[in-house]
Amino acid sequence: CKMQYDKILQYLDVAREEGAQVLCGGGPVTHDLPDLAGGLYIAPTVLGGCTDDMTVVREEVFGPVLSILVFDTEEEVIQRANDTEFGLAAAVCTQNLSRAYRVISKLEAGSCNINTYNAYPEYIPFGGYKNSGMGRELGEECLNYYSQTKSVYVETGDPWCPFE
């Protein structure tokens, strides 16, 4: 929608003002194809030179924007990644699967990927931690939010009554 489109463009403007460098993309895309003309499209954008205090890093953009941050150690990147009020998704890309599992297990995010991003088959629950939402969508776990459990036990033999 136009409101989200404008919001993403505002995030990109603020990112530039705060010192991020646009490595690719960074703005609207127009199409000449009749079916796409007049649409609200933003080029996939990669931002370099990002720091932990930048708005585009600290908030959920919900647009085609990737912020690149440099780190030195696993411990540092885990601490920095968890230093946010949000926790919708996370991804770790590495050839070392032991490292990937170790890092993912320590990240405070509800939907995690290893060596891919935004892959959510319908049988895997999707949802965030912290201020990134409550509950889960998809998978068997989401059915809990559409039902209310009631327990009923029926004794079919002689009833037990401690007050008789």
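Please read all numbers here as calculations on a predicted model, not as lab measurements.

The contact between helix α3 (residues 74–82) and helix α4 (residues 97–106) brings their axes to 10 Å, and the two run at 35°. α3 and α4 meet at a crossing whose hand is right-handed. Mapping the contact onto sequence places E74, I78 and N82 in α3 and R99, R102, V103 and K106 in α4. Of the residues in the contact of α3 with α4, the class split is two nonpolar, one polar and four charged.

So, on to the sheet that holds strand β5 (residues 65–67). The three strands are arranged β1-β4-β5 in an open sheet whose pairing can be described as mixed. Both edges of this open sheet fall to β1 (21–24) and β5, since each of them pairs with a single strand only. On average, each strand axis in the sheet is inclined to that of its neighbour by 30°, with strand direction left out of account. The sheet contact formed by strand β4 (residues 45–48) and β5 spans three bridges and is parallel. In the strand pairing of β5, L47 is matched with S67. Strand contacts of helix α1 (residues 2–17): β1, β4 and β5, with the helix running at about 20° to β4, the strand carrying the most contacts.

Once that is clear, we can look at the pairing of strand β7 (residues 89–92). Judged by which residues are buried, β7 turns out to be one-sided: A90 and V92 face inward and are buried, whereas A89 and A91, on the alternate face, are not. With four bridges connecting them, β7 and strand β8 (residues 111–114) associate as parallel partners. Across the sheet, the residue bridging to A89 is S111, located in β8. Handedness of the crossover joining β7 and β8 through α4 is recorded here as right-handed.

A few words now on the pattern of salt bridges. If you walk through the whole model with that rule in mind, you get seven salt bridges. Here R102 ties to E74 by a salt bridge, and the two come within 2.6 Å at their closest N and O atoms. In this pair, R102 is assigned in helix α4 and E74 in helix α3, connecting sequence segments 28 residues apart. Assessed through its relative accessible area of 11%, E74 is described here as buried.

The next thing to look at is a negative patch on the surface. A cluster of like negative charges, contributed by E17, E18, D53, E59 and E85, occupies part of the molecular surface. The residue E85 is located in the loop between α3 and β6 (86–87) in this model. With a relative accessible area of 46%, E85 lands in the partly exposed category.

A separate point is the nonpolar core. The nonpolar side chains of soluble globular proteins are, as a tendency, buried together. Ranked by size, the top nonpolar core spans 14 residues in total, and within it L12, A20, I42, L47, V56, V61 and V65 carry the most contacts. The greatest single-element share of this core, amounting to six residues, is contributed by α1. Apart from the residues within four sequence positions on either side, I42 is in contact with Y5, I8, L9, L12, G27, P28, V29 and P64. In terms of nonpolar packing, the next biggest core, distinct from the first, is built from eight residues, I78, A90, V103 and A109 among them.

As a further point, take the side chain of S111. For S111, the position within the fold is in strand β8. In contact with S111, other than residues within four places in its own chain, are L88, A89, A90, Y120, P125, F126 and G127.

Moving on, we get to a nonpolar patch on the surface. A surface patch of nonpolar side chains, about 280 Å² in accessible area, is lined by L23, L66 and I68. Among the secondary structure elements, L23 is positioned in strand β1.

All right, on to α1 then. With 16 residues, α1 should reach 22 Å at 1.5 Å per residue; the first-to-last C-alpha distance of 23 Å fits that figure. Of the positions making up α1, those classed as buried are Y5, I8, L9, Y11, L12, V14 and A15. In this structure, the buried residues of α1 make contact with β2 (28–29), β3 (41–42), β4, α2 (55–58) and β5. Just downstream of α1, G19 is the residue with a positive phi angle, here 110°.

Criteria and thresholds
- Residues numbered from 1 in each chain as written.
- Predicted model: local features only at pLDDT ≥ 70, side-chain atom pairs only at ≥ 80, totals over all residues.
- Heavy atoms only, no water.
- Axes fitted to C-alpha atoms, helices over the stretch in contact; angles between N-to-C directions.
- Helix = DSSP H or I, 4+ residues; strand = E, 2+ residues; numbered from the N terminus.
- Left-handed = near helix turned anticlockwise from the far one by under 90°.
- Contact = heavy atoms within 4.5 Å.
- Nonpolar A, V, L, I, M, F, W, Y, C, P; charged D, E, K, R; others polar.
- Pairing = 2+ DSSP bridges.
- Buried < 20%, exposed > 50% of the residue type's maximum accessible area, 1.4 Å probe, protein only.
- Right-handed = clockwise from strand over helix to strand, strands pointing away.
- Salt bridge = Lys/Arg side-chain N within 4 Å of Asp/Glu carboxyl O.
- Patch = residues over 30% accessible without salt bridge, like charges linked within 9 Å, V, L, I, M, F, W, Y side chains within 5 Å.
- Areas by Shrake-Rupley, 256 points an atom, 1.4 Å probe, with all protein chains shown as cover.
- Lys, Arg positive; Asp, Glu negative; His and termini not counted.
- Charge placed at Lys NZ, Arg CZ, Asp CG, Glu CD.
- Core = buried A, V, L, I, M, F, W, Y, C linked by side-chain atoms within 4.5 Å.
- Expected span 1.5 Å × (residues − 1).

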